[in-house]
Amino acid sequence: MTTQAPKQTSYDVVIVGGAMLGSSVAWFLSDNPDFDGSVLVVERDTTYAACSTVHTNSCMRQQFSTEVNIKMSQFAADFVKNFREYMGNDERVPQPVLQSYGYMYMADTHEFVSTLKDTQQVQARLGAGTKHMSPDDIARDYPFYNLDGILGANHNLKDEGYFDGNTLFDWWKRVAGERGVEYVNNTVTGMGLNTAGNRVETVTLASGEVISCDTVVNASGPRASLTSEMAGIHLPIEPRKRYTFIFAAERPLDRDLPLTIDPSGVHMRTDGTYYLAGCPPDDDPAVDHDDYIEDHSIWQDKVWPAIANRIPQFEAIKLINSWAGHYAYNTLDQNAVLGPHPDVTNFVFVNGFSGHGFQQSPAVGRGTAEMIAHGEYRTLDLSLFHYERVTQNNPIIEKAVI
Ligand SMILES: Cc1cc2nc3c(=O)[nH]c(=O)nc-3n(C[C@H](O)[C@H](O)[C@H](O)COP(=O)(O)OP(=O)(O)OC[C@H]3O[C@@H](n4cnc5c(N)ncnc54)[C@H](O)[C@@H]3O)c2cc1C
């Protein structure tokens, strides 16, 4: 694909990466009445063939243990449910679906039951609909499960399940463009800092242009650490493979399958008339940025047996589709890294979302635009996720990670 040169040589904000998070920041900036600066989004592959965004499972949950993570997903649910209103009542904008069949976090140890009960309290305090269920409760509502070894589960039918995140992505990109945000197909290959080393002054593009900027936003997904290295910043983020399998059941269930997180590490859920399953590999190394090779032994040896064990009706299933995608895996704590760098102060992170960046994109786009426009968060305080915890080796202990 041919690279495109930007129209200007200087922008107020340059966003490196134009997928879900880059486009979220771009749209929220374009929607912020106190920001009227110029925005350039540099995207190395505008077909988006190999980014996390195209490989996502696009689910949201309020079942986190960290309050801000819960609040971010609650904003996501509100944003999806009122999408057209948030998009300025633009009549072209469709209503994305939000299918709230919930996540079903299953426990097979007393210790995990106790963790689930604690997190249920945190979630309920913030208004989430999470309920702790005994095996009898689960059997009553979802009689298709084999509950051997299951001691309890948490489940939430309010604003939790699949949402059509791609519609958000499409419309953020389209409307941001209509409002003057410039997207170019190009790659950021370097950055120039001032002599004090505390500001990025320029970004260099693969096509040779050197573009001045007031703020640079790192929205480069699993490549985030490559981008931050251009400014001399270390980020503990690496690409890790996650596998998704779509299957058809010869005897489908008579109700939605909640996004069930089996103690084996395999998760499964309804996906239209099909079902979706996924899992991390047992051996989970960093992989090459371009390595999307699938491993079908994972389906054969891990996923299928786990599915058939938990739902005996799924003995007879047929694999329809599958893919491998990359998490931007934050090795410190699998949580986002956000906000400006403490020393290189105009370098802003929207990175490291691991498996929950789709649902966090509305809150992160809004908060990052506030930080750029006002120098502070005005709605939800996201400072817990700032870079300082990386240098202090101070991980956020989020108990609910997938
Ligand atoms: C299998 C799988 C399932 C998932 N399921 C869920 C889920 O159910 N719910 C959820 O909330 N999240 C989920 N996620 C996570 C979610 O998809 C990601 O967090 C989100 O898509 C990240 O978006 P992003 O824009 O940060 O990164 P990406 O989508 O990877 O985009 C980064 C972009 O930056 C560009 N780029 C990189 N370097 C440069 C450069 N130097 N110059 C120019 N451009 C550059 C890339 O080309 C890319 O388009 C899942 C992820 C995977 C892989």
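Please refer to the structure higher up on the page.
Residues numbered from 1 in each chain as written. Predicted model: local features only at pLDDT ≥ 70, side-chain atom pairs only at ≥ 80, totals over all residues. Heavy atoms only, no water.

Chemist: Lay out the environment of A324 in plain terms, naming residues and giving numbers.
Modeler: Along the polypeptide, A324 turns up in strand β17 (residues 317-330). Separated by 272 residues in sequence, A324 and S52 place their C-alpha atoms 9.8 Å apart. (Helix = DSSP H or I, 4+ residues; strand = E, 2+ residues; numbered from the N terminus.)

Chemist: Account for the nonpolar core, naming residues and giving values.
Modeler: Formed by 54 residues in total, the largest nonpolar core has its most connected members in I15, M72, L338 and V350. Those residues in contact with M72, other than ones at most four positions away along the chain, are L338, Q359, Q360, A363, V364, L380, L382 and F385. (Core = buried A, V, L, I, M, F, W, Y, C linked by side-chain atoms within 4.5 Å. Buried < 20%, exposed > 50% of the residue type's maximum accessible area, 1.4 Å probe, protein only. Contact = heavy atoms within 4.5 Å.)

Chemist: Describe the sheet that holds strand β4 (residues 98-99), with residues and values.
Modeler: Pairing is antiparallel in the open sheet, where 3 strands are placed in the order β3-β8-β4. Edge positions in the sheet fall to β3 (59-60) and β4, since each of these pairs with one other strand and no more. Direction of pairing for β3 relative to strand β8 (residues 161-163): antiparallel, over a ladder of 2 bridges. Bridging from a neighbouring strand, C59 pairs with Y162 of β8. (Pairing = 2+ DSSP bridges.)

Chemist: I'd like a rundown of the site of the ligand, residues and numbers included.
Modeler: Residues in contact with the ligand amount to 37 residues; listed here are only the nearest, E43, S52, T53, C59 and Q359. At a separation of 2.6 Å, an oxygen atom of the ligand approaches a polar side-chain atom of E43. R44 is positioned such that a nitrogen or oxygen atom in its backbone is 3.1 Å from a nitrogen atom of the ligand. Summarising the interface, the protein chains cover 95% of the accessible area of the ligand, which totals 1,000 Å² for the free molecule. (Near = heavy atom within 4 Å. Polar contact = N/O pair within 3.5 Å; in protein donor to acceptor, adjacent residues only side chain to side chain. Areas by Shrake-Rupley, 256 points an atom, 1.4 Å probe, with all protein chains shown as cover.)

Chemist: Can you break down the layout of surface pockets residue by residue, with the values?
Modeler: To find the voids left in a structure, one rolls a probe of water-molecule size over its atoms. There is about 200 Å³ of room inside the second largest pocket. Around the second largest pocket, the lining residues are W27, F28, D31, N32, P33, F75, Y86, R366, A369, E370, H374 and R378. The greatest single-element share of the lining of the second largest pocket, amounting to 4 residues, is contributed by helix α10 (residues 357-374). Taken together, the residues that form the lining of the second largest pocket break down as 6 nonpolar, 2 polar and 4 charged. (1 Å grid on protein atoms, 1.4 Å probe; cavity = no way out; pocket = protein on both sides within 12 Å on 5 of 7 lines; lining within 4 Å. Points joined across faces, edges and corners; volume = space filled by probe spheres on them. Nonpolar A, V, L, I, M, F, W, Y, C, P; charged D, E, K, R; others polar.)

These values are about where atoms sit, not about what they do.
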